[in-house]
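# Structural description and commentary
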Amino acid sequence: MSAPKKLFIKTYGCQMNVYDSERMAEALGEKGYVEAKTADDADMILLNTCHIREKAAEKIYSELGRFKGLKAAKPDLKIGVAGCVAQAEGQEIMRRQPMVDLVVGPQSYHRLPEMETKIRQGEKALDTDFPEEDKFEKLKSRPKAKRGPTAFLTVQEGCDKFCAFCVVPYTRGAEVSRPADRILTEARDLVERGVREITLLGQNVNAYHGAGENGDLTLAQLIWQLDKVDGLERIRFTTSHPNDMMDDLIEAHGTCTKLMPYLHLPVQSGSDKILKRMNRSHTAESYLRVVEKIRAARPDILLSGDFIVGFPEETEADFQATLDLIAEVKYGTAYSFKYSTRPGTPAAERPQVDDAEASERLQRLQALLSRQQREIQESMVGREVGVLLEKPGRLSGQMVGKSDYLHSVHVSDCNREVGDLARVRIMASSTNSLAGELIR
Ligand code: SAH
Ligand code: SF4
Ligand code: F3S
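Residues numbered from 1 in each chain as written. Chains lettered and ligands numbered in written order. Predicted model: local features only at pLDDT ≥ 70, side-chain atom pairs only at ≥ 80, totals over all residues. Heavy atoms only, no water.

## Considering the side chain of Glu-89
Its place among the elements puts Glu-89 in helix 3 (residues 83-96). Within the buried set, Glu-89 has no salt-bridge partner at all; the shortest N-O distance to an opposite charge, 5.0 Å, is to Arg-342. Here the side chain of Glu-89 touches His-51 through a polar contact of 3.0 Å, side chain to side chain. Here the side chain of Glu-89 touches Tyr-61 through a polar contact of 2.7 Å, side chain to side chain. (Helix = DSSP H or I, 4+ residues; strand = E, 2+ residues; numbered from the N terminus. Buried < 20%, exposed > 50% of the residue type's maximum accessible area, 1.4 Å probe, protein only. Lys, Arg positive; Asp, Glu negative; His and termini not counted. Salt bridge = Lys/Arg side-chain N within 4 Å of Asp/Glu carboxyl O. Polar contact = N/O pair within 3.5 Å; in protein donor to acceptor, adjacent residues only side chain to side chain.)

Here is the structure:
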């Protein structure tokens, strides 16, 4: 028998791409591919790409440039591009980098095995359709390797919101929710394989409305179904839109013990003028009201956000409104970006903010966010938290995991197994992590 072929996947972008890369590896596993540790070692390289900002997209072309030498040395090497750049620029990729053999969009991954056959025959394969069939059904995972204690599970994909800056509605397509029974089957399967924590994924995960036995389920109802899965200890979800933060979901944060006290709730800006131009369909005030309700249901919840600085026509006063909102909310962690012009989106046509000005604002915003992050981390010292142990630490006897609030925690003198949920007292806070001791 010939040696198995090796596949190297490099993943960029959001958590959904991480999930998708696992599914693609499984799909190609059916064709005899096993994982390669490095690109040098691979018979096929797949880049799973992100189109959200210009830098992310341009990086792919320089990365592809670097594979030229590899391909010259190993003519049988196949190179593929998947993900959101593939969807947005499929033809262009093939034109700019003729050594690319395969381009596959996020809705066509289940067709990878056929596409692989085609490229092995020396043809090119390009598929950026939005097919009718259910890719998740076709991508059902194969037998049953053990895996680590945390996993992602896509429950909703695509977006109908069309924020004026964003490519996602174009690259991922319209909002679709998966039926609840399929999600539950996948969750049980993950738990059998060792998973203790599942993060439900969707571009607008809280708009979930998948079919259940008696009509559509809300995300909260789905979470309560998952709550009954024995062996599953923690549930998280991301990313939520402020307008879809329904009362039953807010309530679940107060009553469902498996649902972790962490919520990623992007606001993008604190200025109503900018929010309107972003087509966000919420105001600073309505966002703050949602935050208030969530904190009433779960006072210790850790909030996380996304911010765009330097959106077209943002003035210093608009920017100040964002700083004010941040000061009021107090984020435990946040992601902030300088606005990046995306071809084909409405904001690309608007008067742009001076780049140096935008960079300077971003620095000020990030200084405030890091200060808040540090304060909230320091406030954890002395507290008792749950930590799901994910791997051994660098020091002898130490283990590393995530707290209920998603902080990385180094637990000293920890004679427990990976996958155990430990009670830990937090003893110290450093830049990006906490240190703690087991409560015995
Ligand atoms: N669906 C999620 C996140 C989508 S993309 C949501 O609605 O929140 C992740 C983040 O990237 C966004 O929240 C936004 O802050 C940022 N982003 C999206 N498009 C961008 C652009 N053109 N320039 C800069 N940042 C952008
Ligand atoms: Fe993009 Fe807005 Fe949809 Fe989020 S809600 S994916 S930012 S269009
Ligand atoms: Fe990027 Fe696509 Fe995710 S553009 S952020 S990989 S949905």
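Don't stop here, the text continues.
## Quick word on helix 11 (residues 284-297)
Its 14 residues give helix 11 an end-to-end C-alpha distance of 20 Å, which sits within 8% of 20 Å, the value for a rise of 1.5 Å per residue. The complete set of buried residues in helix 11 reads Ala-284, Tyr-287, Leu-288, Val-290, Val-291 and Ile-294. Here the buried residues of helix 11 occupy an arc of 155° about the axis, which is enough to place them on one side. Structural note: helix 11 exposes Glu-292 and Ala-296 on the side pointing more than 90 degrees away from its buried face. Tucked inside the fold, the buried residues of helix 11 contact helix 9 (247-255), strand 14 (262-264), helix 10 (272-277), strand 15 (302-309) and helix 12 (316-329). (Expected span 1.5 Å × (residues − 1). Arc of directions from axis to C-beta. Contact = heavy atoms within 4.5 Å.)

## Brief notes about the site of ligand 2
Surrounding ligand 2, one finds Cys-159, Lys-161, Phe-162, Cys-163, Phe-165, Cys-166, Val-168, Pro-169, Asn-204, His-241 and Arg-280. Residue composition of the shell around ligand 2, grouped by class: 7 nonpolar, 2 polar and 2 charged. (Near = heavy atom within 4 Å. Nonpolar A, V, L, I, M, F, W, Y, C, P; charged D, E, K, R; others polar.)

## Considering the site of ligand 3
The local shell around ligand 3 consists of Cys-14, Asn-17, Thr-49, Cys-50, His-51, Ile-52, Cys-84, Arg-172 and Gln-203. Broken down by class, the residue content of the shell around ligand 3 amounts to 4 nonpolar, 4 polar and 1 charged.

## Side note on the sheet that holds strand 20 (residues 421-429)
Across a sheet, paired strands are connected by hydrogen bonds in the backbone, their directions being either parallel or antiparallel. Strand order around the closed barrel formed by 5 strands is 17-18-19-21-20, with mixed pairing between neighbours. The sheet shows a mean angle of 50° between the axes of neighbouring strands, taken without regard to direction. As paired strands, strand 19 (residues 408-412) and strand 21 (residues 434-438) are joined by 4 bridges and run parallel to one another. Along strand 21, the bridge assignment pairs Val-411 with Gly-436. (Pairing = 2+ DSSP bridges. Axes fitted to C-alpha atoms, helices over the stretch in contact; angles between N-to-C directions.)

## Some words on the side chain of Lys-78
Note that Lys-78 resides in strand 4 (residues 78-82). In this structure, Lys-78 is buried with no salt-bridge partner, the nearest side chain bearing the opposite charge being Asp-101 at 4.2 Å. Here the side chain of Lys-78 touches Ile-119 through a polar contact of 3.2 Å, landing on its backbone oxygen.

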